[in-house]
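The primary structure of each chain is shown beneath.
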Amino acid sequence: MQNNNTTRYSNQTATPTWEYHIIAERCIHPDIGVYRSYGIHAFEIIGKLIRSIAQMHDITTIQAEAETLVQLCNRHQLSPTHLNDVVNDFIAKIS
């Protein structure tokens, strides 16, 4: 007979994986008007539990750049703790 508490405990202590997705938004700026912008959304996945962790908006207006950033974050399993620094470095690189 399996102890239910053990199962619950082992699921809660499982190592999380991170999944990143593009955020596409319609933005308005008083100086330039309406434009399409892309950001990034980070999710924590532990077993079957998926939880939104962080979002950064208006990173770039070029979808391919946002896709590249998301692919890099997913490939390297970037911890959302470092997302702000990685996005800032990414913006500096593409500017």
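Scroll up to find the structure this text is about.
By convention here, each chain's residues receive numbers from 1 onward along its written sequence. Selection of residues for local features in this predicted model requires a pLDDT of at least 70, selection of side-chain atom pairs for listing and counting requires 80 or more, and totals for whole chains, interfaces and linings are taken over all residues. The basis for the side-chain values is all heavy atoms of the structure; hydrogens and waters are excluded.

## Describing the overall build of the protein
Here is step 1: For the purposes of this entry, the term helix denotes a DSSP run of H or I that reaches at least four residues, the term strand denotes a run of E that reaches at least two, and both are numbered from the N terminus. When you go through the protein residue by residue, the secondary structure sums to three helices and three strands.
Here is step 2: If you list the helices and strands of the protein from N to C, you get α-β-β-β-α-α.
Here is step 3: The cut-offs for exposure are 20% and 50% of the maximum accessible area for each residue type, with area from a 1.4 Å probe on protein chains only; residues under the lower value are buried, those over the upper are exposed, and the others partly exposed. Sorting the 95 residues of the protein into buried and exposed places 29% on the buried side.
Here is step 4: Whether two residues are in contact is decided by their heavy atoms, any of which lying within 4.5 Å being enough. Residue pairs in contact within the protein that sit at least 24 positions apart in sequence constitute 47% of those at least 6 positions apart.

## A few points about the pattern of salt bridges
Here is step 1: The rule for a salt bridge is simple: a side-chain nitrogen of Lys or Arg has to be within 4 Å of a carboxyl oxygen of Asp or Glu. Applying the stated criterion to the full structure yields one salt bridge.
Here is step 2: A salt bridge links R51 to E44; its shortest N-O distance comes to 2.5 Å.
Here is step 3: Using a relative accessible area of 44% as the deciding quantity, one classes R51 as partly exposed.
Here is step 4: Overall, E44 belongs to the buried group, its relative accessible area being 10%.

## Regarding the sheet that holds strand β2 (residues 33-46)
Here is step 1: Read from one edge of the open sheet, three strands run β1-β2-β3, paired in antiparallel fashion. Looking along the sheet, the strands with just one partner apiece sit at the ends: β1 (17-29) and β3 (49-60). Each adjacent strand pair in this sheet contributes to an overall mean axis angle of 20°, direction not counted.
Here is step 2: With eight bridges connecting them, β2 and β3 associate as antiparallel partners. Its bridge partner lying in β3, I40 is registered against M56.
Here is step 3: Lines fitted to C-alpha atoms define the axes here, with helix axes fitted over just the stretch in contact, and angles between the N-to-C directions of these axes take values from 0 to 180 degrees. In this fold helix α2 (residues 63-75) packs onto β1, β2 and β3, with an angle of close to 160° to the strand it touches most, β1. Here a strand pair is declared whenever DSSP counts at least two bridges between the two strands.

## What to know about the packing of α2 against helix α3 (residues 83-94)
When two helices pack together, you describe them by how their axes are tilted relative to each other and by the distance separating the axes.
Here is step 1: At their nearest, the axes of α2 and α3 sit 12 Å apart, and the two run at 140° to each other. Between α2 and α3, the crossing angle belongs to the class labelled oblique. At the point where α2 passes α3, the crossing takes the right-handed sense. Counting all contacts with α2, which are made through E65, L69 and C73, the residues of α3 involved are L83, V86, V87, F90 and I94.
Here is step 2: Throughout this entry, Asp, Glu, Lys and Arg are counted as charged residues, while Ala, Val, Leu, Ile, Met, Phe, Trp, Tyr, Cys and Pro are counted as nonpolar. The remaining residues, Gly among them, count as polar. Tallied by class, the residues present in the contact of α2 with α3 amount to seven nonpolar, no polar and one charged. The labels follow the angle: roughly parallel below 35 degrees, roughly antiparallel above 145, roughly perpendicular from 65 to 115, and oblique for the rest. Each helix crossing is assigned a hand: it is left-handed if the near helix lies turned anticlockwise from the far helix by less than a right angle, otherwise right-handed if that turn is clockwise.

## Overview of the pairing of β2
Here is step 1: Most of β2 sits inside the fold, with 11 of its 14 residues counted as buried.
Here is step 2: The sheet contact formed by β1 and β2 spans 13 bridges and is antiparallel. Looking across to β2, one finds that E25 is bridged to S37.
Here is step 3: Once β1 ends, the chain turns through three residues before running back antiparallel as β2.
Here is step 4: Hairpin connection of β2 to β3: two residues between the antiparallel strands, including G47 at a positive phi of 60°.

In short, the description is geometric, and any link to function would need to be established separately.
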